[in-house]
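# Inside the fold
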Amino acid sequence: MTGAEEAPVAAETSPEAAVEEVSLDLTDADYRYLTLRRPLARGAGRIARIRMRPAMLEDIDDWSNAEISNRELLARLCDLPAAVLKKLAWDDAEALMEIFHQVVPEFVFAAAKDDA
């Protein structure tokens with residue numbers, strides 16, 4: 001085997017099999033950042049910058065299965081409640097949507113979804 005190849009891992013098929021915690025190992029360089037032109041007040045704090053992580057297959061699966069809307073997908077990637085994102089000034093929201101378009105597959109925007 002070369003260094004790039006790994007031995008196949010046998011899948012556990014037993015329903016009682018323990019689920020191992022797996023997470024995406026991201027660095028700051030993996031995120032996209034938006035500095036808000038008009039920061040938001042949230043409680044005693046303030047949101048002046050939004051950080052968006054890359055979409056994972058799990059996110060796209062949840063969206064494809066209609067478990068989450070486009071807005072909920074956006075909120076998940078930003079690790080903020082959708083209600084907070086709805087308070088963005090339009091120009092900040094538009095800039096955030098440009099980043100969103102860069103981190104999710106194009107078919108997410110081609111499919112009709114009810115985001116109400």
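Residues numbered from 1 in each chain as written. Predicted model: local features only at pLDDT ≥ 70, side-chain atom pairs only at ≥ 80, totals over all residues. Heavy atoms only, no water.

Assigned secondary structure in the chain consists of five helices and two strands. Order of helices (α) and strands (β) in the chain, N terminus to C terminus: β-β-α-α-α-α-α. Relative to its 116 residues, the chain shows a buried fraction of 28%. A separation of at least 24 residues holds for 54% of the contacts in the chain among residues at least 6 apart in sequence. Carbon together with sulfur atoms contributes 50% to the accessible area of the chain, which is approximately 8500 Å² in total. (Helix = DSSP H or I, 4+ residues; strand = E, 2+ residues; numbered from the N terminus. Buried < 20%, exposed > 50% of the residue type's maximum accessible area, 1.4 Å probe, protein only. Contact = heavy atoms within 4.5 Å. Areas by Shrake-Rupley, 256 points an atom, 1.4 Å probe, with all protein chains shown as cover.)

So, about the pattern of salt bridges. Under the counting rule described, the total for this entry stands at six salt bridges. The closest approach of N and O atoms between R51 and D28, which form a salt bridge, is 3.9 Å. Highlighted residues: R51 in strand β2 (residues 45-52) and D28 in the segment before β1 (32-42), separated in sequence by 23 residues. Taking the relative accessible area as the measure of exposure, R51 reaches 38% and is therefore partly exposed. Judged by relative accessible area, which is 55%, D28 ranks as exposed. In this structure, R38 engages D91 in a salt bridge whose closest nitrogen and oxygen atoms are separated by 2.5 Å. Of this pair, R38 sits in strand β1 while D91 sits in helix α4 (residues 90-103); the two residues are 53 residues apart in sequence, bridging distant segments of the chain. We classify R38 as partly exposed; its relative accessible area is 43%. Among the residues examined, D91 registers a relative accessible area of 23% and is labelled partly exposed. Within this structure, R53, D59, D62 and R76 form a network of salt bridges that share partners. (Salt bridge = Lys/Arg side-chain N within 4 Å of Asp/Glu carboxyl O.)

Bringing the pairing of β2 into the picture now. When β1 meets β2, the two strands line up antiparallel, connected through seven bridges. When the bridges of β2 are listed, T35 appears paired with R49. (Pairing = 2+ DSSP bridges.)

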